[in-house]
Structure formats: structure tokens, C-alpha cells
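Descriptive structure summary
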There are 2 protein chains.
Amino acid sequence: MTIDSRLSWTQVRDEIRARILNRTYAPGDKLPRDEDLAQELGCARTTVHRAMQDLSLAGLVERKRKGGTHVKADPVTRATFDIPITRREVEQRGSKYGYQLIQRSVELTPPAIMARFGLPKAIKMMRVKALHLSDNRPFILEDRWIDIRSNPEILEVDLTTQSANEWLVLHKPYSRLDLRFYAMNATGEIAKHLDTPDTSAVLVIERTTWIGAEPITTVQAVTTPGYQLSSVR
Amino acid sequence: MTIDSRLSWTQVRDEIRARILNRTYAPGDKLPRDEDLAQELGCARTTVHRAMQDLSLAGLVERKRKGGTHVKADPVTRATFDIPITRREVEQRGSKYGYQLIQRSVELTPPAIMARFGLPKAIKMMRVKALHLSDNRPFILEDRWIDIRSNPEILEVDLTTQSANEWLVLHKPYSRLDLRFYAMNATGEIAKHLDTPDTSAVLVIERTTWIGAEPITTVQAVTTPGYQLSSVR
DNA sequence: AAATTCAATATGTAGCTACATAATAATGTC
DNA sequence: GACATTATTATGTAGCTACATATTGAATTT
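Reference entry: report on the structure contained in this document.

1. Side note on helix α1 (residues 9-21) of chain B
- Taking 1.5 Å per residue as the helical rise, α1 of chain B with its 13 residues ought to reach 18 Å, and the 18 Å between its terminal C-alpha atoms agrees with that figure.
- Every buried residue belonging to α1 of chain B is among V12, R13, I16, R19, I20 and L21 of chain B, and all of these are buried.
- Taken together, the buried residues of α1 of chain B touch β8 (200-211) of chain A together with α2 (34-41), α3 (45-57), β1 (61-64) and β2 (68-71) of chain B.
- Phi for R23 of chain B, located one or two positions after α1 of chain B, is positive at around 70 degrees.

Right, here's the structure in full:
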């Protein structure tokens, strides 16, 4: 047991956090040097340092060499979100997962897709439209573009049984990710596929990945009405 | 310069990440022990440990004592989002920030609000409706409930000039946060305030905070059509 | 054979030292 | 006084040691 023997860095972190919360150190204030805090709390500087690193990562404080540590004057809310593979998401809710391929083709990228990747000119990419089902009801409709140059193997994959979502996530790691959320009115074809009234509001998750500077894939995942994204922890 | 003298933990992290990306270590695989990796890469175990911690936090690997380190079999996309104070957000886009108080009252919490906080029965809370403007155009409409028990001072604050958003963020730290995003159709009063056509889809950010077990505030922030949230870094 | 105990092992944590690095303050020069 | 140089200082990083802790698997007992 580590009853009162030594302070762990998480305890130190929590203590400093508590002081920030109760305004012992107010927004904009300068915190004591790591070494002084270490002495006051009865631990090593390394321990305070580790605690500070965590607080810095959480966006609570800002550190600068020689400048010292300051409580962020302008606090931002920082939250983490997990986006699992769709199949997993459905199954974790205890529902039956289903999948339907709608379309599979090779097309020239329209300007909107070029913009997502930052491409200077149109190229041919594979386009896959598919519907993910939860208990046989529409769940997420995805419209995906895949760069054939970095993923030639995708041309051989049977996408009627396995979703491109899953294949890519298991076989094509990425080094850069852009995620964005926005709302749109489901109309026309989208409303039809999602089996939802025309113009109903739906949340859209847009996900674009690269490996190095090479585009891999970009998806527009249109969720069904009522879908919520919530932060972890 | 640290040309080839010693490996930094970030270099080690990137090396291991690269190996995961190029399938040297595939999803589900067991990675070598920290100590072996350290020896192979020519650094101390501490350095490998720090690198691994980071990869674990990023959700790329899973570590267990004695069990060793494994590449996550079921990769999730983990992304971080920053939600700044609305005023800051507007100003950072180079626009002029404006603010209008719409309503301020003390009401009994309806079931939806009780549910957000997990309250067993209705209590009186302060309710504030306000509109944030960007270049004199509607930007975000917020409908906020504030627990007067944990925030009695709010009753004295002049909310016609300062937004509750800002006052709370500067004076009322939280220890627990729930953030969620969803889409809705702007109708009636909301559409009117946002000056947008009826039923247009808007992104909603719902943010609920507690200090310890005590509720602080919950907001439903309705953005204007076209608003996007994007991940950091 | 099942259950319990115990040793082995990989990661987790804390402390120490030593040095690197960036930013500021102090100093010196023209 | 303006500018360049140097010293100081707080954080950042790496290495080492020592021990804690969880978990697995083997050994032992019932």
C-alpha cells in the first residue's frame, strides 16, 4: 500500500488541479517552480514534472522554459471522442449488425473531395456507397472515396460482404487524420436510404486520412436522426 | 544538437508507431518487452516506457503488467476537440463578437434537464437564454440552466453585458464534464432567433458540468447552419 | 481433478543525477 | 541610448537504481 509513504504523480496532479479549481492559483497566475512545489509537497521534481505535463496536455496550464508555468487565462474545454468501427458500435449496443453495398465505382474526384485531401487536380478514385444496419434498420450511410494509388488492393476486395470501413481500418493504418462533425438536412437519396422523412436533421461525421502525404480515404458518414456523439471519460 | 547522440522518447514512439503502421507489429500482435526494445534501439527502458505510455494513451496499444504490450486488435479513431469560449471563437475568426440576453428567469427543472444532471427530483435553477453574434449576425443560441445552490453569485451578475458562458468559465471550474453533439431541425423560436429558415439542420453542442457531485450548469448551444466542429492537431 | 499457493515476470512508479534548451535578465560595448 | 553578448534560470530530457504491483503459470496441496 502507498498510504502515506510517497506521493504519486497523479496525486500531485490532482492536488495542483484542486488548487487551480479552488482559485489558489487563478487563471493567468504563475505557479511556483516545479522544484519549490516538489519541496512543499515532499516529492521529487520529476514527480511534479510528470504531473505538470499531464495538466499541460489537458490544457489547464501552459509551460515555458524559464518563463515558468501559468494557469491558462483562457480555458478551453478539451474533450476526447472515440469513433469505433461501425460494426463494433452496433454490436456494443447489443444490436444485430448488417451491411449493404449500394454502389461501387471508379470516378474522377469532384472539387469537394479534392478539397478534403488538398489535391491540386482531379484524379480517379474508387467510390463506395454503403449502408450500415442496426437490427435491420438503417444506422449509418457512408459515401467513401478511396485513393487507388495508395490502396490498389481494395480493387480485389469483395465489398458486398465486408465493408470498406472495416477492411481499411484493419489493413490501412493512417498517420494523419481529419475529423469533423456537422449537421445537414437529409434529402432525396440520402433520406430514402436512411428511411427518414425528407429534410430531417442528421449528424454527419466526416473522416479523412493520409499516410504520410498520401491520401488514403475520405468518408462522409451520415447518421440516422437522433444519433449522438458523446465524450469519453 | 541531438543528432545521433541519444534517442528521445518521441523518436522511440515514432519508430514503434511506424512499425505498427507498416505491419511489423500487426493488430493483436504482442510487442517485445520494453527492455528488449530498449536494448535494440539503444536507449534506456525509461525512454521506451515513456513512448509506450503515449501510444497507449493514443489508443494504439494496450499494456498489461506481466501480460506485456499488444497492438490494439480493434482500432478506434480517437480525436480531441477544443471548445473555446464563444467570444474567443468569434474573435479568432477575425469577426466582431456581440452578445444579447434573451431571457433570464428562475424555474423548476423539467425532466430533460433533471436527466442531464441525474437529479432525482425537480429543483429551482436559473435559466438563461442568450444569443452570441458574429459580425452582428446570429452565431450561437444558448439555453442554459445554472444550479443556484452551487453558484449563488450568479444571481448578482449583470448578464445583459457579460455572457453567463464567460462568467462561469472564468469563475466556476468543473471537475466533471459531459459533452455531446447531435443534429436537430431548427424550428419556431430557435429558427427565429438564429434567423434561419424553418427546419434547417443545425449542430447542437450540449455541455454539462459538475464540481464533485454538485451540478454547476448545463447548456444547449445551438449553432447556425454550416457550423463545423473539427479535431485538433 | 480442483483449488490454492508461490515464484517469476513485465509493466508502473519514484527518486536521483546530469545535462540540454529556451527565454529572460544582466552586462558590456560602441 | 541602441545593440550585441553573456549569465541566469526554469523547464525538458535521458539514464540509472530501486522497489511496487498485477498477472500469469507452475508447483503444491486438498
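The structure having been displayed, the exposition proceeds.
2. Here we look at the protein's contact with DNA strand C
- In the vicinity of DNA strand C lie 25 residues, with S8 and T47 of chain A together with H49, R63 and R65 of chain B positioned nearest.
- A distance of 3.1 Å is found between a phosphate oxygen of DNA strand C and a side-chain nitrogen or oxygen belonging to R33 of chain B.
- D34 of chain B is positioned with one of its backbone polar atoms (N or O) 2.9 Å from a phosphate oxygen of DNA strand C.
- When contributions to the surface near DNA strand C are tallied by element, the ones reaching two or more residues are α3 (45-57) of chain A together with α3, β1 and β2 of chain B.
- Top element by residues in the surface near DNA strand C is α3 of chain A. It accounts for four residues.
- Its residues placed into classes, the surface near DNA strand C shows five nonpolar, eight polar and 12 charged.

3. Overview of the pattern of salt bridges
Residue and element names in this part refer to chain A.
- Throughout the structure, instances matching the rule amount to 44 salt bridges over all chains.
- With its nearest N and O atoms 3.1 Å apart, the salt bridge here joins D14 to R13.
- By relative accessible area, D14 is classed as partly exposed at 35%.
- Where D195 meets R137, a salt bridge forms, and the shortest distance between an N and an O atom there is 4.0 Å.

4. Things to note about the layout of surface pockets
All names here are of chain A.
- Reported here for the second largest pocket is a volume of approximately 400 Å³.
- Along the walls of the second largest pocket sit 15 residues, with D34, R63, K64, R65 and K66 positioned nearest its centre.
- Looking at the lining of the second largest pocket, the elements that each hand over two or more residues are α2 (34-41), α3, β1 (61-64) and β2 (68-71).
- Of the residues that constitute the lining of the second largest pocket, the class distribution is two nonpolar, four polar and nine charged.

5. A few points about the packing of α2 of chain A against α3 of chain A
Residues and elements named next belong to chain A.
- The geometry of α2 relative to α3 is characterised by a closest axis approach of 8 Å and an angle of 115 degrees between their N-to-C directions. If you check the angle between α2 and α3, you find them roughly perpendicular. Here the hand of the crossing between α2 and α3 comes out right-handed. Counting all contacts with α2, which are made through D34, E35, L37 and A38, the residues of α3 involved are R45, V48, H49 and M52.
- For the contact of α2 with α3, a count of residues per class yields four nonpolar, one polar and three charged.

6. Some details on the packing of helix α1 (residues 9-21) of chain A against α3 of chain A
All names here are of chain A.
- Between α1 and α3, whose axes approach to 8 Å, the crossing angle comes to 60 degrees. Classified by the interaxial angle, the pair formed by α1 and α3 is oblique. In the crossing of α1 with α3, the sense of the turn from one axis to the other is right-handed. Of the residues in α3, those touching α1 at W9, V12, R13, I16 and R17 are T47, V48, R50, A51, M52, D54 and L55.
- Tallied by class, residues from the contact of α1 with α3 come to seven nonpolar, one polar and four charged.

7. Regarding the pairing of strand β5 (residues 124-134) of chain A
Residues and elements named next belong to chain A.
- In terms of burial, β5 is a largely internal element, 10 of the 11 residues being buried.
- In the sheet, strand β4 (residues 97-108) pairs with β5 via 11 bridges, with the strands oriented antiparallel. Across the sheet, Q103 pairs through a bridge with K129, a residue of β5.
- Relative to strand β6 (residues 137-147), β5 runs antiparallel, the two sharing 10 bridges. Looking at β6, one finds that M126 is bridged to I146.
- Counted along the chain from β5 to the antiparallel partner β6, the turn is two residues long, and its residue D135 has a positive phi close to 50 degrees.

So, how was this worked out
- Residues numbered from 1 in each chain as written.
- Chains lettered and ligands numbered in written order.
- Predicted model: local features only at pLDDT ≥ 70, side-chain atom pairs only at ≥ 80, totals over all residues.
- Heavy atoms only, no water.
- Helix = DSSP H or I, 4+ residues; strand = E, 2+ residues; numbered from the N terminus.
- Expected span 1.5 Å × (residues − 1).
- Buried < 20%, exposed > 50% of the residue type's maximum accessible area, 1.4 Å probe, protein only.
- Contact = heavy atoms within 4.5 Å.
- Near = heavy atom within 4 Å.
- Polar contact = N/O pair within 3.5 Å; in protein donor to acceptor, adjacent residues only side chain to side chain.
- Nonpolar A, V, L, I, M, F, W, Y, C, P; charged D, E, K, R; others polar.
- Salt bridge = Lys/Arg side-chain N within 4 Å of Asp/Glu carboxyl O.
- 1 Å grid on protein atoms, 1.4 Å probe; cavity = no way out; pocket = protein on both sides within 12 Å on 5 of 7 lines; lining within 4 Å.
- Points joined across faces, edges and corners; volume = space filled by probe spheres on them.
- Axes fitted to C-alpha atoms, helices over the stretch in contact; angles between N-to-C directions.
- Parallel < 35°, antiparallel > 145°, perpendicular 65-115°, else oblique.
- Left-handed = near helix turned anticlockwise from the far one by under 90°.
- Pairing = 2+ DSSP bridges.

Structural measurements only, silent on function.
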